[in-house]
Structures are given as structure tokens and as C-alpha cells.
Amino acid sequence: MAVSEPWLGRPIDRVDGPDKVRGGARYTAEAEAAGLLHAVVIDATRPKGQLRSADTAAVEAVPGVVAVWTMLDAPPLDQPEQPKIPYEQPALKILSPPYYVLQENRVRFWGDIAGLVVAETSEAAHQAARLIRFDYEEVPPALAFDADTASFEPESLITGLDPKYRRGDAEEALASAEVTIDAVYETPSEHHNPIELAATVARFEDGKLTVHTTTQDPHGARMSLANSLELELDKVRVISRYLGGGFGSKYGTWPQTVLAAFAARELGRPVRLELSRKQMFALNGHRARHWQRVRLGANRDGTLQAIAQDIRCQTDTERRWVEHTGETTHIMYGCPNVRIDHAGVPANLPPNTIMRAPGSAPGMFAFESAMDELAMALGMDPIDLRLKNEPENDPDSGLPWSSRGLARALREGAERFGWSRRDPSPRSMRDGRWLIGWGVASAVYPAFRLPCGARVRVSANGEATVETAATDIGTGTYTILSQIAADALGLEPGAVSVVIGDTDLPKTPGSGGSWGAVSYGTAVKEACEDLLKKLGLERPEPGAIVQAMRARGEDEARGEAMAQPPKDKGVSSYSFGAHFVEVRVDPDTCEIRVPRALGVFGVGRAFNPKTARSQLMGGMVWGLGMALTEASVVDLRYGHFVNSDLAEYHVPVNADIRDLDTVILDEEDGAVTPLGGKGLGEVGIVGMAAAVANAVHHATGVRVRKLPITIESLAGRL
Ligand code: MOS
């Protein structure tokens, strides 16, 4: 029988969709356990300093309260000098460190964990938590974020980019360039706001800890839990079957996950702890506020000669994690002289973390805005300027690209968008009273694959089960793994069960960094190939596995793999794209609308065009939010995020999104994985905010360099 058309590359429906719609998919907070207790974090309501005293009498008086702990009296946790289980990857140590929760009388930010209430019911715990009376010492917080606020230089960045990147001599080239741009761009703190709140359900049984928690990275959570509570790794099981979004906020492990497990151990009963939406603003990470100065130097014909990017990233005062914001600037265009400097500016704020397209999302807002400014200064079309500087090879490593779809994305996008009808002069296009602007910007994201394990079983009835620790953050992991296994085994996707989100299953990286699909998918493919090989089968023909099993008198076939990324692949791999945005601006009210946007992407092969399109569109919607509505505003007196709910933190909703289209270029690229993909979870947001800002400039002649662009950004300037 001929091998049928592959399932990979087909837009099949989500295999987990029906279960989610019917409520059959159990999310973390729904995990059940006999004798479950309910815990609520007591938040600090000062940004800094110590507790002088805590009055817990009213808390304890609430019927059903089982325990009240504060920073002053929580049970002791041993704090070894070094984590007992060594961290192999530095990034994991940053994102999922040990947490010795409630062991110190020290508030580090508003909303910090100052105590815990545990009760028989969720209602009692919530009511009791409000009755705490803390007496704080009053210490003024450090919250300034100006160009001259004291900063520090990070020793390294999470992706390995040198925090002081150098190529050629940017300063010298800037001094002698024919045309220069020098501008400062600012982006605010932003919060991930997944629909699903962060939650943990922890229980100890016979010395073994089982934790259901909202993590994108079960193995990372296990490391943090094991080190925090001094347990052997094999005594900790972390489960995360379904996630209602994460966007990076659930990649790392946060102290409250450890706190739930600590309480379960101390109290001898299972404990459930779920954050409120408000607590999510302090305890689940955010994207850092940034200040960036970008200087560009070019010849009159548009050839880039120099790029200098000075980045200041606001951090907390302890972890002091500086984002890799200049991550993609140095490979974007051909340019002999590049200098990128990263600095951190500590503040008494919650720790910042990775958030969808960390690094490139804020970095490329600044850089792609500056490119538009350069195009204006040169009197050149912004697409032509980018095409003029297309590098033959990766300008950093000198390696050839495995594929680089940027020029195609720009050209094909221009064609589809009707770019040739654009009048290049700002404030030249109108529709009635509306000022019309068309903007463009490039998108990019590194294409990584990480070592990843998987195993597969086929039973006598011909059904397969794929098992891997991987998570599905709502992006389609369940679906594409069933497609990949179906192809590799000669089955229909419906005959493949996918079991994921569990550290008892083969080890994988977390779902993030746009590496999930390529890492997990390659491991599943290799596990299936291992199964066929063990049966002596050369190709996945329908029915062949069951026949081979019968012939051997076996009732189950198994395969497993630990898929390693190519060591020295000799090429440079990134996903690319281009955003085209139309804005309409009311010249009197300064109201900004985005009636249409188009994103064209070169991401290798889309494993499932339907889920891929959702990912890319979701990224673009995020980009619109970043451009126009999203900002977490700090009260400079007390250091809390004032708009810590979905009424005041504005994410785009359906009514904000009009004609939004995505195109995935037909692109062959087998360098990252033989499956042909390059990852597409994050590239969709990168550059989108710049495309909007560039469109606003084209509509109005006003350059807004500070996000979000609101009515106030334009008021009095039109
Ligand atoms: Mo993503 S910010 O790596 O979850």
C-alpha cells in the first residue's frame, strides 16, 4: 500500500479541543485530593523593609483556619549554601531557583509574600487573609527609572549574547556617517495576563511529593521544588496537563509553588494555592520597562554603516535579571559596525521575567522604529531600505542562513497589502476626516532546538500512546504530536493518544522560546522510528506494526528517543517576518484605530497551518496591545502596579481587531529539525509595535517613541 499524504502540514482541528469545550480537560486548580486544604498568600503592602510585628488574632479566629504563617514565625526551612542538586543550565538556575519561602523578615516589593493562611475552605482562607494586621517599618523605595538612575552591567545574558556586543567600531563609523539617527525609545512594564491564574495543588504521600502546578516547564519546577525542600529529584513529581496560557509567566518557577508544597509537608495534608488576578501582577513576573537609545549611521544610498543600541532594563533588587533585549539587532541587517550595550536598573519591584518574544519584542520596537526614522531621513522607502541591507550571510557568525525569508516577506507583503499605492509623505493620505497611515517593520526570532526525550507504545489494537514531559500552553502541542506520530507509525491522528505534562515521562525542555514544537516533535518522530526499528520495519505502513507484533507474539511495541539538536550545523537559523499595518487617526480626538494588518512569515514548515495561524495572529494581537494599550503603571510612592486587573490593564479584545491576516511562506528548511520547522510562537509579536508606530508617523507626521501610543501621545501634536 502506498504511503498516504503526511498528516504533518495539514490544518487538522485541535485534538484536545472537544475535551476543553466540554470541561473534560482538567486544569491545575481543579486537581483533586482527599482532605484538601486551601491556602492564600498574604501580600506585603509596602515595597521595602521589615515587619515590626504581625497581629494574627483576627485571622486565626476565622472558623476553618488551620494555619497562619508570617515572615516572623513561619516554620523553618533549611537553607543550604549551594543547591543540593546542581543546575546544569545557568538559565534554569535563574528561572527555577530554590526558594526558602517566609524565612526572612524582609519585604522586597509591594505584593511580596509576607504570610500564608491555610484553611478548610477557599472562602475562609480568603476572608482570613484580609484580616492580617502588619506593622511595617517605613522605608522609602527605590523606583526611579531615568536616564541617569544608577545602573549595573550584567555579566551575561540568558541566551549567551555578549551583554557588551561589539563588531567593528560603531562610534567611529557614526562620527563619519553621511546620515545619522539618534533617538530614545521607551517601553513600559507589561504583564502576561494568561486567562488561567497561577495555581498549585501539592500533596505528600509516603515521602513523595506530587505537585500539580501551572508550569510550562515541569522539569524546571521539579528542580526548584527538590532544591527548596531538600528532596531527591525522584521524590518529586510535577504535573501540568493543560495550561490556559503562560506566555513566559509560567516558564520559571515562582515561590508560591514551593510555598504550597512546604505547607502540605508541614500540615500533613494536600494544599491548594491559587493566586488572584491582582496577585498575578506581583507574583508571576512581568516584562521589564525599558529605555533604549538607538543610533544609526548610513551612506546616502541607504547602506548601513553603524548601529549603536544602549539598553537600560528595569529589574528587581535581588534577581537583577537583565533581558537580552539586543538579541536580534546584530543579525538583522548587514552592517560592519555594531555596538550593543545592556544595563540593568534595579528597583523595589517584583522580579521581571521572560515574556512572549523576550528580548526581541522590546528590542525590535526600538530598532525597527529607528530604521523607519532612517528611511525618512534618507527619503527612501522603508522596505527598500531594509532590502538594501539584506545580508548574504549571518553578519555576526558569517555562517550562511538555513533560510531567511525576510526579503520575500517584505516583497510579498507589499504586494498583498498594496504598498505601491502608499504616498510616502507623512500626513498625505486621508479617508474623510481620518488620517491614514501605512507602516512596515521586520520580525525575527531565533530558531532553537533543545535536547528532548519521548517514548511511544503501540498496543495490539493498533493504537499508539506518545509520552513526553512536554507541555501544551494552549498552542497545539497535543495536536502536532499526534500528527507527527501518525505519520511516523502509519496511523491516523485519532489512533494516537498524547500524554504530556508530567515529570514521570521522558525529560524535555519547557514549552517556550519557540522551541517546543521542534524539540518535542523531533523526539516523538525519533521515538517512533526507534519503535519501527525494533520491529525490523523500514517504513510506517498501515497495519504493519500490529502484524509485526503478532509475528513476534508480542502485545505491545515500544520505542524511545533522546533527540539531540545538531551540534555544529554550519548554518544560522532564525524565523523571519514582516508586518504591514494600516492605522486611522482622528485628527481632533487623536483616537487611533487599526483597520487592517498583515503579517507574512518565513518560519520553515508549519506543522499545522491552523494552530500555526492562531499562534501568529495571537502574536500580532499582542503586538497591537503592546503598541496601543498595554502598560503596567507603577505608583511611584508605594511601588505597586496600580492597574492590576483586567479592567485597567487593557489587552486588545475582539472589537479592537478588524482585518488581521497572516501568510506563512512556503519555505524549506531542515536545519533545525528534519521535520522542517523553525518555530513560530514568538516571531508574530516582534516588530508589530514598531509597524504600528511607523504607521502612526505616516498618518500624522508625529513620531511616538514611547509605548503605548495613546490619545495622550498625540494630543496637542496634531
Ligand atoms: Mo516564552 S516567554 O519562552 O514562554
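Conventions used here
- Residues numbered from 1 in each chain as written.
- Predicted model: local features only at pLDDT ≥ 70, side-chain atom pairs only at ≥ 80, totals over all residues.
- Heavy atoms only, no water.
- Pairing = 2+ DSSP bridges.
- Helix = DSSP H or I, 4+ residues; strand = E, 2+ residues; numbered from the N terminus.
- Buried < 20%, exposed > 50% of the residue type's maximum accessible area, 1.4 Å probe, protein only.
- Core = buried A, V, L, I, M, F, W, Y, C linked by side-chain atoms within 4.5 Å.
- Salt bridge = Lys/Arg side-chain N within 4 Å of Asp/Glu carboxyl O.
- 1 Å grid on protein atoms, 1.4 Å probe; cavity = no way out; pocket = protein on both sides within 12 Å on 5 of 7 lines; lining within 4 Å.
- Points joined across faces, edges and corners; volume = space filled by probe spheres on them.
- Nonpolar A, V, L, I, M, F, W, Y, C, P; charged D, E, K, R; others polar.
- Contact = heavy atoms within 4.5 Å.
- Axes fitted to C-alpha atoms, helices over the stretch in contact; angles between N-to-C directions.
- Parallel < 35°, antiparallel > 145°, perpendicular 65-115°, else oblique.
- Left-handed = near helix turned anticlockwise from the far one by under 90°.
- Phe/Tyr/Trp six-rings, centres within 6.5 Å; stacked < 30°, edge-to-face > 60°.

### Some points on the pairing of strand E11 (residues 271–274)
Link 1 in the chain: Where strand E1 (residues 37–43) lies against E11, three bridges are found, and the strand directions are parallel. Its bridge partner lying in E11, alanine 39 is registered against leucine 273.
Link 2 in the chain: Relative to E11, strand E8 (residues 199–205) runs antiparallel, the two being bridged by four bridges. Directly across from threonine 200, in E11, lies its bridge partner leucine 273.

### Here we look at unusual backbone geometry
Link 1 in the chain: Put simply, leucine 707 and proline 708 share a cis peptide bond, and its omega is -10°.
Link 2 in the chain: Relative to the helices and strands, proline 708 resides in the loop between helix H17 (688–700) and helix H18 (711–714).
Link 3 in the chain: Unusually for a residue other than glycine, aspartate 206 sits at a positive phi of about 50°.
Link 4 in the chain: Residue aspartate 206 is classed as exposed on the basis of its relative accessible area, which comes to 82%.
Link 5 in the chain: Even without being glycine, phenylalanine 247 reaches a positive phi, approximately 60°.
Link 6 in the chain: Mapped onto the fold, phenylalanine 247 is located in the loop between strand E10 (236–239) and helix H7 (255–267).
Link 7 in the chain: On the basis of relative accessibility, which here comes to 25%, the residue phenylalanine 247 falls in the partly exposed class.

### Some words on the nonpolar core
Link 1 in the chain: By size, the foremost hydrophobic cluster in this structure holds 101 residues, and its most contacted members are Leu296, Phe367, Leu374, Phe580, Val581 and Val583.
Link 2 in the chain: Broken down by element, this core gets its largest block of residues, 10 residues, from helix H10 (residues 360–378).
Link 3 in the chain: Counting 64 residues, the second largest nonpolar core, distinct from the first, contains Ala202, Val236, Val238 and Ala264.

### A word on the pattern of salt bridges
Link 1 in the chain: Evaluated as defined, the whole model comprises 48 salt bridges.
Link 2 in the chain: Notably, a salt bridge pairs arginine 287 with glutamate 190, separated by 2.9 Å at the nearest N-O pair. Of this pair, arginine 287 sits in the loop between helix H8 (277–283) and strand E12 (290–298) while glutamate 190 is found in the loop between strand E7 (179–187) and E8, placing the two residues 97 residues apart along the sequence.
Link 3 in the chain: On the accessibility criterion, glutamate 190 (2% relative accessible area) is buried.
Link 4 in the chain: Residue glutamate 390 is joined to arginine 404 by a salt bridge in which the shortest nitrogen-to-oxygen separation is 2.5 Å. Remark: arginine 404 occurs in the loop between strand E15 (401–403) and helix H12 (406–417) and glutamate 390 occurs in the loop between helix H11 (382–388) and E15; sequence separation between them is 14 residues.
Link 5 in the chain: What makes arginine 404 buried here is its relative accessible area of 13%.
Link 6 in the chain: Because the salt bridges share partners, they merge into one network encompassing Glu153, Lys164, Arg166, Glu171, Arg295, Asp310, Arg339 and Asp341.

### Description of the layout of surface pockets
Link 1 in the chain: Taken as a whole, the second largest pocket holds about 830 Å³ of empty space.
Link 2 in the chain: In this structure, the second largest pocket is lined by 31 residues; those nearest its centre are Pro98, Tyr99, Tyr100, Arg108 and Glu318.
Link 3 in the chain: Only helix H3 (90–95) and H8 provide two or more residues apiece to the lining of the second largest pocket.
Link 4 in the chain: Tallied by class, the residues present in the lining of the second largest pocket amount to 18 nonpolar, four polar and nine charged.

### A word on the side chain of serine 96
Link 1 in the chain: Positionally, serine 96 belongs in the loop between H3 and strand E4 (113–119).
Link 2 in the chain: Setting aside anything within four residues of it in sequence, one finds serine 96 in contact with Tyr87, Gly220, Ala221, Ser224, Tyr251, Gly252 and Thr253.

### What about the sheet that holds strand E6 (residues 164–167)?
Link 1 in the chain: Taken in spatial order, the five strands of this open sheet run E6-E14-E13-E12-E7, and their pairing is mixed. Each edge of the sheet is formed by a strand with only one pairing partner; in this case those strands are E6 and E7. Going across the sheet, the axis of each strand differs from the next one's by a mean of 10°, ignoring polarity.
Link 2 in the chain: Where H10 meets the sheet, it contacts E7, E12 and strand E13 (304–315), and its direction lies at approximately 145° from that of E7.

### Observations regarding the packing of helix H13 (residues 477–489) against helix H14 (residues 516–534)
Link 1 in the chain: Remark: H13 packs on H14, axes separated minimally by 9 Å, with the N-to-C direction vectors making an angle of 30°. As summarised for this structure, H13 and H14 are arranged roughly parallel, according to the angle between their axes. The chirality of how H13 crosses H14 is right-handed. In this structure, H13 contributes Thr477, Ile480, Leu481, Ile484, Ala485, Ala488 and Leu489 to the contact, and H14 contributes Ala517, Tyr520, Gly521, Val524, Lys525, Cys528, Leu531 and Leu532.

### Examining helix H15 (residues 544–552)
Link 1 in the chain: All of the buried residues along H15 are Ala544, Ile545, Val546, Ala548 and Met549.
Link 2 in the chain: Buried residues in H15 make contact with strand E18 (452–459), H13, H14 and strand E21 (556–563).

### Considerations on empty space enclosed by the protein
Link 1 in the chain: Across all of its chains, the model carries three cavities of 30 Å³ or more by this definition.
Link 2 in the chain: Within this model, the largest cavity holds a volume of roughly 120 Å³.
Link 3 in the chain: What lines the largest cavity is a set of 17 residues, among which Ala198, Thr213, Thr214, Trp254 and Thr257 lie closest to the centre.
Link 4 in the chain: For the lining of the largest cavity, the secondary-structure elements that each account for two or more residues are E8 and H7.
Link 5 in the chain: Its residues assigned to classes, the lining of the largest cavity comprises six nonpolar, 10 polar and one charged.
Link 6 in the chain: Across the lining of the second largest cavity, the residue classes break down as two nonpolar, six polar and one charged.

### Things to note about the sheet that holds E21
Sheets are built from strands paired through backbone hydrogen bonds, the pairs being either parallel or antiparallel.
Link 1 in the chain: Taking strand neighbours across the sheet as the criterion, the four strands line up as E20-E19-E18-E21 in an open arrangement whose pairing is mixed. Whereas interior strands pair on both sides, the edge strands pair on one side only; in this sheet they are strand E20 (496–500) and E21. Along the sheet, successive strands turn relative to each other by an average axial angle of 15°, direction set aside.
Link 2 in the chain: Bridge analysis of E18 against E21 gives eight bridges, and the strand direction is antiparallel.

### Considerations on the packing of aromatic side chains
Link 1 in the chain: For the coordinates displayed, the defined rule picks out 17 aromatic pairs.
Link 2 in the chain: Aromatic side chains tryptophan 401 and tyrosine 574 sit 6.2 Å apart centroid to centroid with 70° between the ring planes, which places their arrangement in the edge-to-face category. With a gap of 173 residues between them, tryptophan 401 in strand E15 and tyrosine 574 in strand E22 (residues 572–585) connect regions that are remote in the sequence. As far as burial versus exposure is concerned, tryptophan 401 and tyrosine 574 are alike and both buried.
Link 3 in the chain: Ring geometry for phenylalanine 417 against tryptophan 438: centres 5.2 Å apart, planes inclined by 75°, an arrangement best described as edge-to-face. Here tryptophan 438 lies in strand E17 (residues 434–446) and phenylalanine 417 lies in helix H12, a separation of 21 residues in the sequence.

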